[in-house]
Amino acid sequence: MGAEPLSNHTTIHDQQHSRPLVLGLQPFALVDHVARVDWSLLDQIPGERGGSIPVGIEELDFILKEVKSHVLSSPDDGSSPVKTMAGGSVANTIRGLSSGFGISSGIIGACGDDEQCKLFVDNMKSNGVDLSRLRKKKGHTAQCVCLVDALGNRTMRPCLSNAVKVQAEELTNEDFKCSKWLVMRYAILNLEVIKAAILLAKQEGLLVSLDLASFEMVRNFKQPLLELIESGNIDLCFANEDEAMELLRGEENADPVAAVEFLAEYCKWAVVTLGANGCIAKQGKEIVRVPAIGEAKAVDATGAGDLFASGFLYGVIKGFSLEDCCKVGACSGGAVIRSLGGEVTLDNWQWIFKQMQLKDLLLPDTSK
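In this text, all values refer to a predicted model and were calculated from it rather than measured experimentally. (Residues numbered from 1 in each chain as written. Predicted model: local features only at pLDDT ≥ 70, side-chain atom pairs only at ≥ 80, totals over all residues. Heavy atoms only, no water.)

## Comments concerning the sheet that holds strand S3 (residues 30-36)
Within a sheet, adjacent strands bond to each other through the backbone by hydrogen bonds, running parallel or antiparallel.
In step 1: If you walk across this open sheet you meet the four strands as S4-S3-S7-S8, and the pairing is mixed. For this open sheet the edge positions go to strand S4 (82-87) and strand S8 (154-159), each flanked by a neighbour on one side alone. Ignoring which end each strand starts from, the neighbouring axes of this sheet average 20 degrees apart.
In step 2: Taken together, the seven bridges between S3 and strand S7 (residues 142-148) define a ladder with parallel strand orientation. If you follow Val 34 over to S7, its bridge partner there is Cys 146.
In step 3: Relative to S7, helix H2 (residues 57-67) is tilted by about 40 degrees, and along the sheet it contacts S3, S4, S7 and S8.
In step 4: Where helix H4 (residues 115-126) meets the sheet, it contacts S3, S4 and S7, and its direction lies at approximately 75 degrees from that of S4. (Pairing = 2+ DSSP bridges. Helix = DSSP H or I, 4+ residues; strand = E, 2+ residues; numbered from the N terminus. Axes fitted to C-alpha atoms, helices over the stretch in contact; angles between N-to-C directions. Contact = heavy atoms within 4.5 Å.)

Structure (structure tokens):
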């Protein structure tokens, strides 16, 4: 399967984006189909509600077809109840860092020679993300259907079968040179490329951030995950409450505090997000609890953890205290749930900046 860099898509802003400060590894470029649906559809598809498990192309087509007869009306005046956009956890985080927080960011991955690739590229490029490490290959771009219920809870079914991806042997030191952070999401399907990326990133002096992905991924593939964490190569680890519970399932104490304590044994920064209850984080001997920000009922929880990570990383890069890193993460994570999909709207970026001002947090310089 031949690969070529998307060289005709790399003229983003200026030359500094050829060496972005933050790199996101998302081996599969991904397009999200996000819809608000009634619970009866969720009862028809395999797997538990609220999680993320892979499906085949036939299952994806079935779900997309059924969505049309199960769509809920959108609470946003004038907006469509179904959205298609560039997606994936890492892409959401990188896009947030670039477009809203003004941090030069790029993505490492691959996409196919199809319309989904064009959509992914156009969306990421318009948000200032460097795409010089995105390989274009012959084949299909990955897709994911994100089903959001009336309470804003999301159930995800990614379709990665037959989709193109970047392989471990394609990565080089040049991909990581002069960057400072590598952002990743745990996935057993990507384990080899994750390990290769960590090795090269560490050779180039990068810090590494890892998101635990989903409670199913932690439950079903815990041992390889523990090996990654306990290697000492993960500097920052994000988990939500369900993932934290799975990580310590069977232990005497399997609560968020115990999880953040465990992660902090191996990582410089450890964070467990708690939804409406905020988050708990630890760095060294310091442990903090920060409440959630925003009173609005969640329209869609898709991207909440991803955008929390954007805000937290912005704080770390700017040298904020642990508590203030959590506060920025709470602002950005609290904003994305106010509308459908994992991309923050312009109105919601203004909401984030207003919340940051109220908390005396340094606002991003997005004038570049």
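## With respect to the state of the cysteines
In step 1: Applying the stated criterion across every chain, the model contains one disulfide.
In step 2: Summary of cysteine pairing: Cys 144 is not part of a disulfide, and the nearest cysteine sulfur, belonging to Cys 146, is at 4.0 Å.
In step 3: Accessibility expressed as a relative area gives 3% for Cys 144, which makes it buried.
In step 4: We note that Cys 267 lacks a disulfide partner, and the nearest cysteine sulfur, in Cys 237, lies 4.9 Å from it.
In step 5: For Cys 267, a relative accessible area of 4% puts it in the buried group. (Disulfide = S-S within 2.5 Å. Buried < 20%, exposed > 50% of the residue type's maximum accessible area, 1.4 Å probe, protein only.)

## Topic: the pattern of salt bridges
In step 1: For the structure on display, the rule yields 15 salt bridges.
In step 2: As a salt-bridge pair, Glu 174 and Arg 19 come within 2.3 Å of each other at their nearest N and O atoms. Here Arg 19 lies in the loop between strand S1 (3-5) and strand S2 (22-28) and Glu 174 lies in helix H5 (residues 173-176), a separation of 155 residues in the sequence.
In step 3: For Glu 174, a relative accessible area of 42% puts it in the partly exposed group. (Salt bridge = Lys/Arg side-chain N within 4 Å of Asp/Glu carboxyl O.)

## Some words on the side chain of Asp 211
In step 1: Mapping Asp 211 onto the fold places it in strand S10 (residues 207-211).
In step 2: It is Arg 185 that comes nearest to the buried, bridge-free Asp 211 among opposite-charge side chains, at 4.2 Å.
In step 3: In this structure the side chain of Asp 211 is engaged in a polar contact, spanning 2.8 Å, whose partner is the backbone nitrogen of Ala 213.
In step 4: Apart from the residues within four sequence positions on either side, Asp 211 is in contact with Met 184, Arg 185, Tyr 186 and Phe 238. (Lys, Arg positive; Asp, Glu negative; His and termini not counted. Polar contact = N/O pair within 3.5 Å; in protein donor to acceptor, adjacent residues only side chain to side chain.)

## Points about the nonpolar core
In step 1: Core analysis: the largest hydrophobic core is formed by 54 residues, its most contacted members being Phe 120, Met 124, Leu 236, Phe 312, Tyr 314, Ile 352 and Met 356.
In step 2: A total of eight residues in this core trace back to one element, the largest contributor, which is helix H12 (residues 322-336).
In step 3: Setting aside anything within four residues of it in sequence, one finds Met 356 in contact with Phe 101, Tyr 314, Val 328, Cys 331, Leu 361, Leu 362, Leu 363 and Pro 364.
In step 4: Grouped together as the second largest cluster of nonpolar side chains are 48 residues, Ala 187, Val 193, Ala 213 and Ala 270 included. (Core = buried A, V, L, I, M, F, W, Y, C linked by side-chain atoms within 4.5 Å.)

## Here's the deal with the environment of Leu 210
In step 1: By the secondary structure assignment, Leu 210 is in strand S10.
In step 2: Taking relative accessible area as the criterion, Leu 210 reaches 0% and is therefore assigned buried.
In step 3: With 123 residues separating them along the chain, Leu 210 and Gly 333 place their C-alpha atoms 17 Å apart.
In step 4: When sequence neighbours within four positions are dropped, the list of residues in contact with Leu 210 reads Met 184, Arg 185, Tyr 186, Leu 225, Ile 234, Leu 236, Cys 237 and Phe 238.

## Concerning unusual backbone geometry
In step 1: The residue Cys 178 is not glycine, and still its phi comes out positive at about 75 degrees.
In step 2: Not every positive phi belongs to a glycine, and Ala 213 is a case in point at roughly 80 degrees.
In step 3: Position of Ala 213 relative to the elements: it lies in the loop between S10 and helix H7 (215-220).
In step 4: Judged by its relative accessible area of 6%, Ala 213 falls in the buried class.

## Comments concerning the packing of H12 against helix H13 (residues 346-358)
Any two packed helices are characterised by the angle at which their axes cross and by the distance between the axes.
In step 1: As a packed pair, H12 and H13 sit with axes 9 Å apart at the nearest point and diverge in direction by 155 degrees. Classed by the angle they form, the pair H12 and H13 counts as roughly antiparallel. Every pair of crossing elements has a handedness; the one defined by H12 and H13 is right-handed. Here Val 328, Cys 331, Ser 332, Gly 334 and Ala 335 of H12 come into contact with H13, specifically with Asn 348, Trp 351, Ile 352, Gln 355 and Met 356.
In step 2: For the contact of H12 with H13, the residue count by class is six nonpolar, four polar and no charged. (Parallel < 35°, antiparallel > 145°, perpendicular 65-115°, else oblique. Left-handed = near helix turned anticlockwise from the far one by under 90°. Nonpolar A, V, L, I, M, F, W, Y, C, P; charged D, E, K, R; others polar.)

## As for the side chain of Asp 130
In step 1: Residue position: Asp 130 is located in the loop between H4 and strand S6 (134-137).
In step 2: On the accessibility criterion, Asp 130 (2% relative accessible area) is buried.
In step 3: A distance of 2.7 Å separates polar atoms of two side chains, one belonging to Asp 130 and the other to Ser 132.

## Topic: the pairing of S10
In step 1: Along S10, four of the five residues are buried, which leaves the element largely enclosed by surrounding structure.
In step 2: For the segment spanning strand S9 (residues 181-185), helix H6 (residues 191-203) and S10, crossover handedness is right-handed.
In step 3: As defined by bridge partners, S10 adjoins strand S11 (residues 236-240) across three bridges and the pair is classed as parallel. What sits directly across from Ser 209, in S11, is Leu 236. (Right-handed = clockwise from strand over helix to strand, strands pointing away.)

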